[in-house]
Amino acid sequence: MTITSAVRIADRKLIVKERTILDGVQDNVVANAGSTSGPAEGVFLGAVFNESNYSHVVSLGNLRDVRFMACFRFKLWWMAQKMGDRGRDIPLETQFLMTETKQGSRIESDGAGEEDQIVYTVFLPLIEGPFQACLQGNSRDELELLLESGDADTKTSSFTHSVFINAGTHPFATITDAIRAVKLHLKTFRQRHEKKLPGIVDYFGWCTWDALAAGGTPPKFVIIDDGWQSVGGDPLKDEDQTENKNKPEPLLRLTGIKENSKFQNKEDPTAGIKSIVNIAKQKYGLKYVYVWHAIIGYWGGVRPGVREMEQYDPLMRYPMVPKGVPEHKPGWKTDALALHGIGLVNPKNVYRFYNELHEYLATAGIDGVKVDEQCILETLGAGLGGRVELTAQHHKALDTSVARHFPDNGIIACMSHNTDALYCSKQTGVVRASDDFFPRDPESHTIHIAAVAYNSVFLGEIMQPDWDMFHSLHPAADYHASARAISGGPIYVSDVPGKHNFELLKKLVLPDGSVLRAHLPGRPTRDCLFSDPNRDGVSLLKIWNMNNYSGVIGVYNCQGAAWNSNERKNTFHETQAGAITGIIRGRDVHLIADADTDPDAAFPVSLKILEHEIVTVTPIKVLAPGFSFAPFGLIDMFNAGGAIQELRYEEVKVKKGAQLSELEGNGVPEESIENRSIELVGVVHMEVKGCGRFGAYSSAKPRKCTVGSSELDFEYDSSSGLVTLNLSHMPEEGQNVHIVKVQI
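Worth saying up front: this structure is predicted, and the values here are computed from it rather than measured.

Some words on the overall build of the protein chain
Looking only at helices and strands, one finds eleven helices and 44 strands in the protein chain. Taken across its 744 residues, the protein chain has 58% of its residues classed as buried. Of all intrachain contacts in the protein chain linking residues separated by at least 6 positions in sequence, the fraction that spans at least 24 positions is 73%. Working note: accessible area of the protein chain is about 30,300 Å², and carbon and sulfur atoms make up 47% of it.

Here it is, written out as structure tokens:
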């Protein structure tokens, strides 16, 4: 018997589960089986060229009968999403590509053949040796593979494993299997579930903790952002002394690893930043303090010729930007980094640099670092072995230093959306998911929510995406806050001191400063993966996540603004001003089928631009004919179901003679009923985190509710089946949860 590979090249076609995805594959493209790299039924592609060079392009063929979703870099630092169905629409600098066949059904019913199902194909451009690969389209609707070393002296002509292609009938499983296969092949990174997440992800954070504590939402971590370090500009040359209004601002560089004078105690300057950390933790009860630094020290690197930096032997380098970046952002030629160059620590000394910096910080009580500007390394590889080699050296040193000095794995990656960085990091567990939150740019808010969700499809396989800070007192505050609540990542704000919306924050933060964090990266639901919720005028964006015992779906109208490839910036565009209607289904939560809920449960939701809705999806447990129960959680919180830490059903056998005459059938009754039976049908045991209104569905009015050893009053709405009870305070000291029992 002949076994045919699920993904293969035959007759110059890329064939995926007997469907042609690409045709006209070039003769110099080579394929290698991926079966030895885990469960994925994929294939590695490379290419052989006639001459060695530091940059190569090859066509992988014409895109055929598919829709695609691409994560591409629209800036050197950041990705965004693009959807389409033609090869020419695939952007330059695409780091991740997924396609969906246009024919077939998304419903995987039992016994259905794969020929009747939609097939998803994942393309992962990789790093191979000193080269980085990315994808792009051309005017002939071809999918091209671009390979670059970033160093004119780093050349080759032969590639065997530059792209990994995997296929399946479930998008999220197909992506996970593909990333696992790549991990086993490269052996240079780990997946998200293999990494320790730092403690900050379970707490609320900010930077002016005293004001927020007064509002009942005390932050437990703070990130001291750019501004604490000792920095300075280059010495002025004679020609720079004359005034020139068009002259760019001087580029600042690091002049020492210690803090500047603003962060020193005037009475005891030697105490340094430690005095601020002590105040934060001892006076204000913070658990974690992080500081910011660039991966090269500061924005302009470290300053050569300064005594404190001499030991690191810094080298002046001028960025060589990849070809695709200026096409998206042509301003690079006049950027300060390009004009003034970077003071780069000698790669031989980069571990010493990180180790001494982090040792100083850790001794001061700092718990972690936000490491910014990571993609700059790909531009500095000339003469140093190329972009991948330089990036790998830095990340190996960074991983080692963080593991040594910040045992909670205290690191956040930022401005790091290239595969050089992503595929070279074994330690980092949290990554910023998109460009910044821009409070004063009204066109940015819908774009931000869509970008973090779609980027998380790729980033979330490797790290936990961080959807960035936001302002709690802002016209789009609810919109941003609800998205952060279901993101699975850290939740923190950058409010102006004294300007806070505490009522909003109480939907996110418990009185002890903890949050109800969902377990996974928030991602678009399966039916939204190839829709364009920023541009098409008809689609809502649905984002799903999981808690211990329930799912959560956020629905957002993100229409009206998008990245404009012609103007090369975010712009508004004409769109439908009224509400858009979409459908929420139980099966929208990818893993909810494991919880035995009804996958076909559905209802409509209509939203205008910048409106949102959060829905808890929870399985219904039938305890006995006509007696059903489903807990929601703390219903005044955005992620209500995150409060339920443990759930157990105790079914009690009903004795003969129990009066159940009003019950019919074995499912959930059409209307909720009074429990007229004198017999106990079942007991629901729950461990609940936090405090506030707790809600659940019950088809019959409960007999009794208890919290700990005390009976608690509750309300029951017989028309909807909603049970509510008030957990008026946090669990007693020494306890993490309330023990709640509901007798049915």
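Concerning the packing of helix H9 (residues 444–459) against helix H10 (residues 477–485)
At their nearest, the axes of H9 and H10 sit 10 Å apart, and the two run at 10° to each other. Considering the angle they form, H9 stands roughly parallel to H10. Across from His445, Thr446, His448 and Ile449 in H9, the residues of H10 making contact are Tyr479, His480, Ala483 and Arg484.

With respect to the state of the cysteines
Inspection of the entire model under this criterion finds zero disulfides. The cysteine Cys528 is free of any disulfide, with Cys558 supplying the nearest cysteine sulfur at 9.6 Å.

Here's the deal with the sheet that holds strand S37 (residues 644–651)
The pairing of strands in a sheet comes from backbone hydrogen bonds and takes either a parallel or an antiparallel form. An order of S37-S38-S44-S40-S41 is seen for the five strands of this open sheet, with the pairing classed as antiparallel. In the strand order of this sheet, the two ends are held by S37 and strand S41 (710–711), each with one partner. By the bridge criterion, seven bridges tie S37 to strand S38 (residues 682–688) in an arrangement that is antiparallel. Each residue of the ladder has a partner; that of Glu651, found in S38, is Gly682.

Considerations on empty space enclosed by the protein
If you walk through the whole model with that rule in mind, you get two cavities of 30 Å³ or more. Computed from the structure, the largest cavity encloses a volume of approximately 190 Å³. Around the largest cavity sit 17 residues that line it, and Phe74, Ile447, His448, Ala451 and Asn570 are the ones nearest its centre. Among the elements that line the lining of the largest cavity, the one with the most residues is H9, at four residues.

Notes on the packing of aromatic side chains
Scanning all chains against the criterion turns up 18 aromatic pairs. Ring geometry for Trp292 and Tyr298: centres 5.7 Å apart, planes at 85°, overall edge-to-face. Accessibility assignment for this pair places Trp292 and Tyr298 in one class, buried. Aromatic pair Tyr423 and Phe458: ring centres 6.4 Å apart, planes at 70°, arrangement edge-to-face. In this pair, Tyr423 sits in the loop between helix H8 (419–422) and strand S24 (430–432) while Phe458 sits in helix H9, placing the two residues 35 residues apart along the sequence. A relative accessible area of 0% places Tyr423 in the buried class. A network of ring pairs unites the aromatic residues Phe96, Phe189, Tyr423 and Phe458 as a single cluster.

Some remarks on the pairing of strand S44 (residues 738–743)
Here S44 shows one buried face, formed by His738, Val740 and Val742, and one open face, formed by Ile739, Lys741 and Gln743. The pairing of S38 with S44 spans six bridges and is classified as antiparallel. Within the sheet, the bridge partner assigned to Val683 lies in S44 and is Gln743. Relative to S44, strand S40 (residues 704–707) runs antiparallel, the two being bridged by four bridges. Bridge pairing in S44 places Lys704 opposite Gln743.

Let's talk about helix H3 (residues 274–283)
Within the span of H3, buried status applies to Ser275, Val277 and Ala280. Gly285 occupies a position one or two residues after H3 and carries a positive phi of about 75°.

A word on the side chain of Asn355
Examined against the element boundaries, Asn355 turns out to sit in helix H6 (residues 350–363). One polar contact links Asn355 to Arg404, side chain to side chain, over a distance of 3.3 Å. Apart from residues no more than four positions distant in its own chain, Asn355 is found in contact with Ser401, Arg404 and His405.

Remarks on the confidence of the model for the protein chain
Of the residues in the protein chain, 90% reach a pLDDT of 70 or more, and the chain-wide mean stands at 90. A low-confidence stretch, residues 107–111 (pLDDT under 50), is modelled with five contacts involving residues beyond four sequence positions or located in other chains. This stretch, residues 656–676, has a pLDDT under 50; its non-local contacts, to residues over four places away or in other chains, come to 44 contacts.

Some remarks on the sheet that holds strand S34 (residues 612–617)
The four strands are arranged S27-S28-S29-S34 in an open sheet whose pairing can be described as antiparallel. Each having just a single partner strand, strand S27 (523–524) and S34 make up the two edges of the open sheet. Pairing analysis gives six bridges linking strand S28 (residues 541–546) to strand S29 (residues 551–556), with the strands arranged antiparallel. Bridging across to S29, Met546 finds its partner in Gly551. Contacting S29 and S34, H10 crosses the sheet at an angle of about 25° to S34.

Structural notes on the nonpolar core
The biggest cluster of nonpolar side chains holds 82 residues, and the ones touching the most others in it are Phe96, Leu124, Tyr423, Phe458, Leu508 and Tyr556. No other element matches H9, which puts eight residues into this core. If we ignore the near neighbours within four places in the chain, the residues touching Tyr423 are Leu124, Pro125, Leu126, Ile127, Ile179, Val182, Leu186, Thr188, Phe189, Phe458 and Ile462. Counting residues in hydrophobic clusters, the runner-up holds 58 residues, among them Val222, Val350, Val371 and Leu377.

What about the pattern of salt bridges?
All chains considered together, the criterion is met by 33 salt bridges. In this structure, Asp89 engages Arg86 in a salt bridge whose closest nitrogen and oxygen atoms are separated by 3.2 Å. Glu308 is the partner of Arg307 in a salt bridge, and the nearest nitrogen-oxygen pair spans 3.4 Å. Each of Arg73, Glu93, Glu148, Glu378, Arg387 and Asp420 takes part in salt bridges that share partners, so that together they form one network.

Calculation rules
- Residues numbered from 1 in each chain as written.
- Predicted model: local features only at pLDDT ≥ 70, side-chain atom pairs only at ≥ 80, totals over all residues.
- Heavy atoms only, no water.
- Helix = DSSP H or I, 4+ residues; strand = E, 2+ residues; numbered from the N terminus.
- Buried < 20%, exposed > 50% of the residue type's maximum accessible area, 1.4 Å probe, protein only.
- Contact = heavy atoms within 4.5 Å.
- Areas by Shrake-Rupley, 256 points an atom, 1.4 Å probe, with all protein chains shown as cover.
- Axes fitted to C-alpha atoms, helices over the stretch in contact; angles between N-to-C directions.
- Parallel < 35°, antiparallel > 145°, perpendicular 65-115°, else oblique.
- Disulfide = S-S within 2.5 Å.
- Pairing = 2+ DSSP bridges.
- 1 Å grid on protein atoms, 1.4 Å probe; cavity = no way out; pocket = protein on both sides within 12 Å on 5 of 7 lines; lining within 4 Å.
- Points joined across faces, edges and corners; volume = space filled by probe spheres on them.
- Phe/Tyr/Trp six-rings, centres within 6.5 Å; stacked < 30°, edge-to-face > 60°.
- Polar contact = N/O pair within 3.5 Å; in protein donor to acceptor, adjacent residues only side chain to side chain.
- pLDDT = per-residue confidence, 0-100.
- Core = buried A, V, L, I, M, F, W, Y, C linked by side-chain atoms within 4.5 Å.
- Salt bridge = Lys/Arg side-chain N within 4 Å of Asp/Glu carboxyl O.

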